[in-house]
Each structure stands twice: as structure tokens, then as C-alpha cells.
Amino acid sequence: MALLNVLCYPDPRLHKVAKPVAQVDARIKKIVADMAETMYEAPGVGLAATQVDIHERIVVIDVSDNQNELMVFINPEIVWSSSEKKSWREGCLSVPEYYDEVERPAQVRVKAIGIDGKEFELEADGLLAVCIQHELDHLQGKVFVEYLSILKRNRISLKMKKRAKELVGQR
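Parameters and conventions
- Residues numbered from 1 in each chain as written.
- Predicted model: local features only at pLDDT ≥ 70, side-chain atom pairs only at ≥ 80, totals over all residues.
- Heavy atoms only, no water.
- Helix = DSSP H or I, 4+ residues; strand = E, 2+ residues; numbered from the N terminus.
- Rg over C-alpha atoms; globule rule 2.2 N^0.38 Å.
- Contact = heavy atoms within 4.5 Å.
- Areas by Shrake-Rupley, 256 points an atom, 1.4 Å probe, with all protein chains shown as cover.
- Lys, Arg positive; Asp, Glu negative; His and termini not counted.
- Charge placed at Lys NZ, Arg CZ, Asp CG, Glu CD.
- Buried < 20%, exposed > 50% of the residue type's maximum accessible area, 1.4 Å probe, protein only.
- Polar contact = N/O pair within 3.5 Å; in protein donor to acceptor, adjacent residues only side chain to side chain.
- Core = buried A, V, L, I, M, F, W, Y, C linked by side-chain atoms within 4.5 Å.
- Expected span 1.5 Å × (residues − 1).
- 1 Å grid on protein atoms, 1.4 Å probe; cavity = no way out; pocket = protein on both sides within 12 Å on 5 of 7 lines; lining within 4 Å.
- Points joined across faces, edges and corners; volume = space filled by probe spheres on them.
- Nonpolar A, V, L, I, M, F, W, Y, C, P; charged D, E, K, R; others polar.
- Pairing = 2+ DSSP bridges.
- Axes fitted to C-alpha atoms, helices over the stretch in contact; angles between N-to-C directions.

A. Here's a closer look at the overall build of the protein. Of the regular secondary structure elements, the protein holds 3 helices and 7 strands. Starting at the N terminus, the α and β elements of the protein follow one another as α-β-β-β-β-β-β-β-α-α. Computed over its C-alpha atoms, the radius of gyration of the protein comes to 16 Å, within 12% of the 16 Å expected for a compact globule of 171 residues. With the C-alpha coordinates of the protein rotated into their principal frame, the extents come out at 45 × 40 × 30 Å. Partitioning the intrachain contacts of the protein with sequence separation of at least 6 by distance along the chain shows that 65% fall at a separation of at least 24. For the protein, the accessible area works out to roughly 9,300 Å², and carbon and sulfur atoms hold 50% of it. A gap of 8 Å separates the mean positions of the 24 positive and 26 negative side-chain charges of the protein.

Right under this line is the structure:
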């Protein structure tokens, strides 16, 4: 396994739309293992392949308290979402140290392929529903800050660019 480099907003690669995975083979399983290690090390509760510059429809999530219940979603698709909305304070490994309220459907049903290559469906609410929607947005090339006002987005973008320059200067 290996730690992967997480892209930071406003990197244009975060806006690439991910392509479907053709088959769950050894290469995909290695990507999943590396993504899981990267997510746990960060630490985070979800990671989309787009965030690590792999533009395939792969997501890893673990919202458990002990971070020992890894969920893998390959070619995930939301097939239903509730009309009821709920607002959550979201953060993102691609937008470090920034959190804001985002309103999303309170419940979703997702269809995906698991690491075993078998299709499954899952209904989710609470943090899991938020996380699924957040990560699937990444696969469509969307970052959560795009739900915020243009003013907030621009401010975040400037902060992230400044932070990137500072990190480069420290090397």
C-alpha cells in the first residue's frame, strides 16, 4: 500500500469527470487499498479517486467511530434521494481546514459495485448519506465549496493558493 497525494482546491484536476471502472481487478483493488490508507492517514471519513488524481468512479468511506468499517463503492450511482433536506457542516481533504454548512437530501439510496465485484444497493441517512453525496460529487468534478456563495468560494480559493505557495516555500 502507498499514501497518495491529495489534490487541493482549486486544482483544475478536481473538476475532471471520472470514467466508469470496466472491471474490478488487481489494479482496482490496489487503488482501493491505497485510497483507504490515504483516507485513514489524513484522517478523513471519505475519499474519491478524483481527489488523488485517478479519474475513475471509485469511492472509499468509513464513518465508523473506530474507523474499522471500510465501505467501497465502485461505479456508484444515487438511484433515489429524499425530498427532505438536511444541512450538515462539511469538510474535505481537498479543502483542508475549511468547514461550512451544505444542504443535501437527508436520505439516499446508492447502487454500486463492491470490492468483491458484486453489485449492491444501500440506503443511507445521517453522516453516511452526506458522505456518499459529497464523494459522488467529486466523481462528477464538483467540490463542496461550489455549494457556497461566490464570495466564500473566492476567499477559499485565495487561501488555498496562498497555502500552496507557503508549502512550496517550506521545501
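Moving on, there is more to tell.
B. Region of interest: the side chain of Arg104. By the secondary structure assignment, Arg104 is in strand S5 (residues 95-105). Judged by its relative accessible area of 3%, Arg104 is buried. Polar contacts involving the side chain of Arg104 include one to the side chain of Glu90, which spans 2.6 Å. A polar contact of 3.4 Å, which involves the side chain of Arg104, links it to the side chain of Tyr147. Here Arg104 is in contact with Glu84, Lys85, Lys86, Glu90, Val130, Gln133, His134, Asp137, Phe144 and Tyr147, once residues within four sequence places are set aside.

C. The arrangement of the nonpolar core in detail. Core analysis: the biggest nonpolar cluster contains 15 residues, and Val59, Ile61, Phe73, Ala124 and Ile132 have the highest contact counts within it. Take this core: its biggest share by element is 6 residues, from helix H2 (residues 126-139). Counting 14 residues, the second largest nonpolar core, distinct from the first, contains Met39, Ala49, Ile54 and Val60.

D. Spotlight on H2. If you check H2, its first and last C-alpha atoms are 21 Å apart, about what 14 residues at 1.5 Å a residue would give, namely 20 Å. Counting buried residues along H2, 12 of its 14 residues qualify, which places the element largely inside the surrounding structure. All of the buried residues along H2 are Leu128, Ala129, Val130, Cys131, Ile132, Gln133, His134, Glu135, Leu136, Asp137, His138 and Leu139. Taken from the residues just after H2, Gly141 is the one with a positive phi, measuring 85°.

E. Here's a closer look at the layout of surface pockets. By volume, the largest pocket is sized at about 980 Å³. Val6, Cys92, Leu93, Val95 and Pro96 are the residues nearest the centre of the largest pocket, which is lined by 40 residues in total. Secondary structure elements with two or more residues in the lining of the largest pocket: helix H1 (26-41), strand S4 (85-92), S5, H2 and helix H3 (150-170). Grouping the constituent residues of the lining of the largest pocket by class yields 24 nonpolar, 7 polar and 9 charged.

F. Structural view of the sheet that holds strand S7 (residues 119-125). With antiparallel pairing, the 5 strands of this open sheet are ordered in space as S1-S2-S3-S6-S7. A single partner strand is all that each edge strand has here, and the edge strands are strand S1 (46-48) and S7. With direction set aside, neighbouring strand axes in the sheet form an average angle of 40°. With 3 bridges connecting them, S1 and strand S2 (residues 58-61) associate as antiparallel partners. By the bridge assignment, Gly46 is partnered in S2 with Ile61. Its contacts with the sheet place H1 against S1, S2 and strand S3 (71-81), and it is angled at close to 40° to S2. Along the sheet, H2 contacts S1, S2, S3, strand S6 (107-113) and S7; its crossing angle with S7, the most-contacted strand, is approximately 120°.

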